[in-house]
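Chain by chain, the residues:
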Amino acid sequence: MPDLCPLSKLTTAYPRLLLIFLARRFSSSSSSTPPLSVPSHQHISYLILDQKSASQAIQTFKWAAQLPNFTHSHSTYRALIHKLCTFRRFDTVKQLLDEMPHSIGSVPDEDIFVTIVRGLGRARMIRDVMQIPDLVSKFGNNSSLKVFNSILDVLVKEDIDLAREFYRKKMMGSGVQGDDYTFGILMKGLCLTNRIADGFKLLQVMKSRGIKPNAVIYNTLLHALCKNGKVGRARSLMNEIEEPNDVTFNVLISGYCKEDNVVQALTLLEKSFSFGFVPDVVTVTKVVEILCNAGRMMESVEILERVESKGGVVDVVAYNTLIRGFCRLGKVKVGHRFLKEMERKGCLPNVDTYNILISGFCESGMLDMALDMFNDMKTDGISWNFNTYDTLIKGMFSWGSIKDGFKILELMEESKGASGGRISPYNSVLYGLYKNNMWDEALEFLIKMENLFPGAVDRSLRLLGFCEKGEIANAKMVFDQITSEGGIPNVLLYDCLIHGFCQEGFLREAFELMNEMIGHGYFPVASTFNALISGFSGQGKEGSALKLVDDMIGRGCMPDIGSYGPLIDALCRKGSFQKAFNLFLQMVEKGATPDYLTWNSLLLCLSQQSIWLENWNIIHVGDKVEWIIKT
């Protein structure tokens, strides 16, 4: 046996009380030194497990063997074997097994073999795992059910068919039928590979052998059914379970939530409560989420209150889900009250809580409240992250608060790594400038972005250049390159390409591009709509043009003379004076001032409408025109 490791080299691993014992034991050879108790096997096991390498673990094991009155046991051998398996020293493990009958007078026990099985499993040495029963028999014993189950547990993670073959040939061949844990392992393997039909067959095999399937086995099968969208079948299977547990309800409730089946999810939630179970916070959060998505906010609040009253946990994620639901409905102030409520209950908000509320305030146009939340984060010790900056910058520029938006952008840029090289806040700046018709400023800002995003800016400038030259096909190629690489084009590119398509008469492409633009959160301004309205009007598609005008108004974008003029002219050219005149009146009511061309189109059309003039009192027409002029 090698020399003992110096005591000073072991001090980092040894508990203080044991060090004192060892120091006193070896610092004096006097017979007057009072005898101290021998260190326990548990202490030595801890020391071995605490070593940082296999060699140190072996050295510690040998060192302990020379302590007076100390003899190793199964537990200390198991600790060393575990450590050796961690470092894949399996040859040394076999040597230890061979020496055990001589050193401690006993063969390795089942826990040691289980430790070896798990070590081999972590090393993916599957062949060696399957040979463990032969290794056990070498010491004159048969493998216990515990050893077989540990082998089976490793095999199902590798190959379920291999595991089933091992069960039939090795386990059953050895006269070991298995228990509910054995079948639970096999069920797990079948369900992990979506072999649900085989899972049901296994269930019948258990019943035929008089083994009562426990809740764990049923829950494994229920989870597989729900994962594969067979929640109704899972619900039927639940009726077979004599003693469902909380996991049973969690699995099924989550399954119904995944299907957005609010009724069944709530029904099972009530049944869970009636059984005395409180679903876990993940399941509760899913229920709250589908209720919020359905706009049933008060029921969401009620469920959280009931869970809390029954001793269940409601965490910050659950509250964030609730707050987000209120914000989506435009009830951001109610969501803010729940921030205060969760703080009162000792559930501290996180950065997501604040970001949700900042987003809600921005979407509702309450920019002052959004800025207050932003400042509160700093006061409450919650660090701003990229989403915080991104959300606030987007909100500020979308609502035309350009000055404040640039201040937040400056804060983001001063914060090291806050943007993480992501372009979306800068695209929000371009969008804000676009919405405020600040084209020169937008182009100037785009050029300034080149230092941060040279590739994106270069492609943007190329596309804009192609559009200016009328080379729309080349511009579209650059646009497609950007999107194919996963990029989101900025609003300037959408606008220029839409105008280019309209000028070339490709109105369908322009319309699809505008829908795509809206899908990315860029709502067109009047000039973008006008390009399409003018195009449809020029092609005689006045109905499509009228729908666009109505869409503009419905979205809060006021049409101008550029919206009405081409459409009125197109209607007049078709002789539809009544429609043209009604649209003319609508234009005036919306505050748009008619230009010379619009007046000219109307008067020319009117002069050709003798029948209309006869039916309408000419004096009434004159009054209308006079009212328009005064307006």
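About the thresholds
- Residues numbered from 1 in each chain as written.
- Predicted model: local features only at pLDDT ≥ 70, side-chain atom pairs only at ≥ 80, totals over all residues.
- Heavy atoms only, no water.
- Helix = DSSP H or I, 4+ residues; strand = E, 2+ residues; numbered from the N terminus.
- Buried < 20%, exposed > 50% of the residue type's maximum accessible area, 1.4 Å probe, protein only.
- Contact = heavy atoms within 4.5 Å.
- Areas by Shrake-Rupley, 256 points an atom, 1.4 Å probe, with all protein chains shown as cover.
- Core = buried A, V, L, I, M, F, W, Y, C linked by side-chain atoms within 4.5 Å.
- UniProt positions renumbered as here; feature names shortened; annotations may be inferred.
- Axes fitted to C-alpha atoms, helices over the stretch in contact; angles between N-to-C directions.
- Parallel < 35°, antiparallel > 145°, perpendicular 65-115°, else oblique.
- 1 Å grid on protein atoms, 1.4 Å probe; cavity = no way out; pocket = protein on both sides within 12 Å on 5 of 7 lines; lining within 4 Å.
- Points joined across faces, edges and corners; volume = space filled by probe spheres on them.
- Domains from an automatic or database assignment.
- Disulfide = S-S within 2.5 Å.
- Expected span 1.5 Å × (residues − 1).
- Salt bridge = Lys/Arg side-chain N within 4 Å of Asp/Glu carboxyl O.
- Patch = residues over 30% accessible without salt bridge, like charges linked within 9 Å, V, L, I, M, F, W, Y side chains within 5 Å.
- Lys, Arg positive; Asp, Glu negative; His and termini not counted.
- Charge placed at Lys NZ, Arg CZ, Asp CG, Glu CD.
- Phe/Tyr/Trp six-rings, centres within 6.5 Å; stacked < 30°, edge-to-face > 60°.
- Lys NZ or Arg CZ within 6 Å of the ring centre and 35° of its normal.

**Points about the overall build of the protein chain**
A count of helical and extended segments in the protein chain gives 37 helices and zero strands. Looking at the protein chain as a whole, 46% of its 631 residues qualify as buried. A separation threshold of at least 6 residues defines the contact pool for the protein chain, and within that pool the share at least 24 residues apart is 59%. Just so you have it, the protein chain exposes about 31800 Å², and 51% of that area is on carbon and sulfur atoms.

**Overview of the nonpolar core**
Counting residues in hydrophobic clusters, the biggest one holds 197 residues, and the most contacted among them are Leu97, Phe113, Ile116, Ile132, Leu322, Leu392 and Ile568. Not counting residues up to four positions away in its chain, the partners in contact with isoleucine 132 are Phe113, Ile116, Val117, Leu120, Val147 and Ile151.

**A closer look at the UniProt feature "repeat: PPR" (unreviewed entry) in the protein chain**
UniProt's entry tags residues 179-213, 214-244, 245-279, 315-349, 350-384, 490-524, 525-559 and 560-594 with the feature "repeat: PPR" (unreviewed entry), counted in the numbering of this structure. Taken end to end, residues 490-524 is 77% helix and 0% strand, and its two terminal C-alpha atoms sit 12 Å from one another. Regarding residues 560-594, the helix share stands at 74% and the strand share at 0%, and the terminal C-alpha atoms are separated by 9 Å.

**As for the packing of helix H31 (residues 526-538) against helix H33 (residues 561-573)**
Between H31 and H33, whose axes approach to 8 Å, the crossing angle comes to 5°. In terms of orientation, H31 lies roughly parallel with respect to H33. Taken together, the residues of H33 that come into contact with H31 (itself represented by Asn530, Ile533, Ser534 and Ser537) are Gly562, Ser563, Pro566, Leu567 and Ala570.

**Considerations on the layout of surface pockets**
The calculated volume of the largest pocket comes to roughly 670 Å³. Only helix H21 (351-363), helix H23 (386-398) and helix H25 (424-435) provide two or more residues apiece to the lining of the largest pocket. Both domains that meet at the lining of the largest pocket, namely domain 1 (344-420) and domain 2 (423-524), each give it at least three residues. In this structure, the second largest pocket occupies an estimated 300 Å³ of space.

**Description of the state of the cysteines**
Taken as a whole and judged by the stated rule, the model has zero disulfides. Looking at cysteine 467, it has no disulfide partner, and the nearest cysteine sulfur is the one in cysteine 496, 5.3 Å off.

**Some details on helix H27 (residues 454-469)**
Given a rise of 1.5 Å per residue, 16 residues ought to cover 22 Å, and the 23 Å separating the end C-alpha atoms of H27 matches this to within 8%. Listed as buried for H27 are Val457, Arg459, Ser460, Leu463, Leu464, Phe466 and Cys467. On its buried face, H27 is in contact with helix H26 (439-448), helix H28 (472-484) and helix H29 (491-504).

**Concerning the pattern of salt bridges**
Overall, the coordinates contain 24 salt bridges when judged by the stated rule. Note that glutamate 299 and arginine 296 form a salt bridge whose closest N and O atoms lie 2.6 Å from each other. Taking the shortest distance from any N to any O, the salt bridge between arginine 344 and glutamate 341 comes out at 2.7 Å. Of this pair, arginine 344 and glutamate 341 both sit in helix H20 (residues 332-344), three residues apart, which is roughly one turn of the helix. Residue classification places glutamate 341 among the partly exposed residues on the basis of a relative accessible area of 24%. What emerges from the salt-bridge pattern is a single network uniting Asp161, Arg164, Arg195 and Asp198.

**Remarks on a negative patch on the surface**
Taken together, the side chains of Asp368, Asp372, Asp376 and Asp380 make up a negatively charged region of the molecular surface. Of note, aspartate 376 is situated in helix H22 (residues 367-379).

**Looking at the side chain of threonine 528**
Looking at the element boundaries, threonine 528 is found in helix H31. Threonine 528 gets classed as buried once you look at its relative accessible area, which sits at 0%.

**With respect to the packing of aromatic side chains**
Per the counting criterion, the structure on display carries 25 aromatic pairs. Ring centres of phenylalanine 249 and phenylalanine 277 lie 5.9 Å apart, and the angle between their planes is 45°; on these two criteria the pair is classed as tilted. Placement of phenylalanine 249 in helix H15 (residues 246-258) and of phenylalanine 277 in the loop between helix H16 (262-274) and helix H17 (281-293) is noted, with a sequence separation of 28 residues between them. Residue phenylalanine 249 is classed as buried on the basis of its relative accessible area of 1%. Each residue in the set Tyr431, Tyr434, Trp439, Phe479, Tyr494 and Tyr522 is aromatic and connected to the rest through ring pairs, giving one cluster. In this structure, arginine 422 is placed above the aromatic ring of phenylalanine 386, and the distance from its NZ or CZ to the ring centre is 3.7 Å.

**Comments concerning unusual backbone geometry**
One non-glycine residue, arginine 124, lies in the positive phi region at around 60°. As for its placement among the helices and strands, arginine 124 is situated in the loop between helix H6 (110-122) and helix H7 (126-130). Residue arginine 124 is classed as exposed on the basis of its relative accessible area of 57%. Even without glycine at this site, asparagine 437 takes up a positive phi of about 55°. With a relative accessible area of 52%, asparagine 437 lands in the exposed category.

**Some points on the environment of valine 491**
Inspection of the secondary structure assignment puts valine 491 in helix H29. In this structure the C-alpha to C-alpha distance between valine 491 and lysine 435, which are 56 residues apart in sequence, comes to 9.6 Å. Non-local contacts of valine 491, meaning those with residues more than four positions away in its chain, are made with Leu430, Tyr431, Tyr434, Met517 and Tyr522.

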